[in-house]
Amino acid sequence: MSNPETPQPPVTIAQIKNEAELFQALAIREVVFIEEQHVPEGIERDAEDAKAYHVLAFQGGHAIGTGRLVMLPEPPSGETGTWGQIGRMAVLKSHRKARVGAMLLTTLEDEARRRGVTGILLHSQLYALEFYKKQGYEPLGEVFKEAGIDHLEMRKKL
């Protein structure tokens, strides 16, 4: 563990530019979702990975977090316009509580705005509800299981 008084290098967020960086993102997701949360490997990766907008968080030259934005083919029920879905948000355990998740989310929202989306939908694990509420997301509907874990749909209009 590093000394808390030692200043940490700044965290930077960047779009994934190549296959090597995509593999870094998938490795972070594997640690967080498959190893920590026991999500079956077969459903953690999906067809959306090939066309999603992915970002990586870096600190001191190391990838420490990731997330992705997928454009939805149609708006969620009861909505109009163009919608995106943010998902696969993952930060390595040693870097949680350092606002890395908020930085990832803001970067993905900025890209969604550049793409002219009306709103963003996401599926939040229950422990993360307060995090997303603080970022302006509203829970909707009933709790549902995704990969055997309780989630709630959340939406935010941009």
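Structure: above.
Notes on the structure in this doc start here. (Residues numbered from 1 in each chain as written. Predicted model: local features only at pLDDT ≥ 70, side-chain atom pairs only at ≥ 80, totals over all residues. Heavy atoms only, no water.)

## Overview of the overall build of the chain
Right, on to step 1. On a plain count of helices and strands, the chain comes out with four helices and seven strands.
Right, on to step 2. Radius of gyration (C-alpha) of the chain: 16 Å, near the 15 Å computed for a compact globule of 158 residues.
Right, on to step 3. The principal-axis extents of the C-alpha atoms in the chain amount to approximately 50 × 35 × 30 Å.
Right, on to step 4. The long-range fraction of contacts in the chain, counting pairs at least 24 apart against all pairs at least 6 apart in sequence, stands at 62%.
Right, on to step 5. Total accessible area computed for the chain in this model is approximately 9,000 Å², and 53% of it derives from carbon and sulfur atoms.
Right, on to step 6. Within the chain, one finds 19 positive and 22 negative side-chain charges whose respective centroids are separated by 4 Å. (Helix = DSSP H or I, 4+ residues; strand = E, 2+ residues; numbered from the N terminus. Rg over C-alpha atoms; globule rule 2.2 N^0.38 Å. Contact = heavy atoms within 4.5 Å. Areas by Shrake-Rupley, 256 points an atom, 1.4 Å probe, with all protein chains shown as cover. Lys, Arg positive; Asp, Glu negative; His and termini not counted. Charge placed at Lys NZ, Arg CZ, Asp CG, Glu CD.)

## Topic: the sheet that holds strand S4 (residues 83-91)
Right, on to step 1. Reading across the sheet, the seven strands line up as S1-S2-S3-S4-S5-S7-S6 and stay open at both edges, with mixed pairing between neighbours. At either margin of the open sheet sits one strand with a lone partner, and together these are strand S1 (11-15) and strand S6 (138-146). Neighbour-to-neighbour, the strand axes of this sheet turn through a mean angle of 25°, independent of strand direction.
Right, on to step 2. Strand direction decides the pairing type here: S6 and strand S7 (residues 149-157), joined by six bridges, are antiparallel. What sits directly across from proline 139, in S7, is methionine 154. (Pairing = 2+ DSSP bridges. Axes fitted to C-alpha atoms, helices over the stretch in contact; angles between N-to-C directions.)

## Here's the deal with the pairing of strand S2 (residues 53-59)
Right, on to step 1. Of all seven residues in S2, seven are buried; the element is thus mostly enclosed.
Right, on to step 2. Neither face of S2 is open: one carries Tyr53, Val55, Ala57 and Gln59, the other His54, Leu56 and Phe58, and all of them are buried.
Right, on to step 3. Taken together, the five bridges between S1 and S2 define a ladder with antiparallel strand orientation. Each residue of the ladder has a partner; that of alanine 14, found in S2, is leucine 56.
Right, on to step 4. In this sheet, strand S3 (residues 62-71) lies alongside S2 in antiparallel orientation, the contact comprising seven bridges. The residue bridging tyrosine 53 from the neighbouring strand is leucine 69, located in S3. (Buried < 20%, exposed > 50% of the residue type's maximum accessible area, 1.4 Å probe, protein only.)

## Some remarks on helix H1 (residues 19-36)
Right, on to step 1. Between the first and last C-alpha of H1 there are 24 Å, a value that for 18 residues agrees with the 26 Å anticipated at 1.5 Å per step.
Right, on to step 2. Of the positions making up H1, those classed as buried are Glu21, Ala25, Leu26, Ile28, Arg29, Val32, Phe33 and Ile34.
Right, on to step 3. Buried residues along H1 sit against S1, helix H2 (41-44), S2, S3, S4 and strand S5 (119-125).
Right, on to step 4. Regarding H1, its N-cap is asparagine 18, as a side-chain oxygen of that residue lies 3.2 Å from the backbone nitrogen of alanine 20 further along.
Right, on to step 5. In the stretch just after H1, histidine 38 is the one whose phi turns positive, near 60°. (Expected span 1.5 Å × (residues − 1). Polar contact = N/O pair within 3.5 Å; in protein donor to acceptor, adjacent residues only side chain to side chain.)

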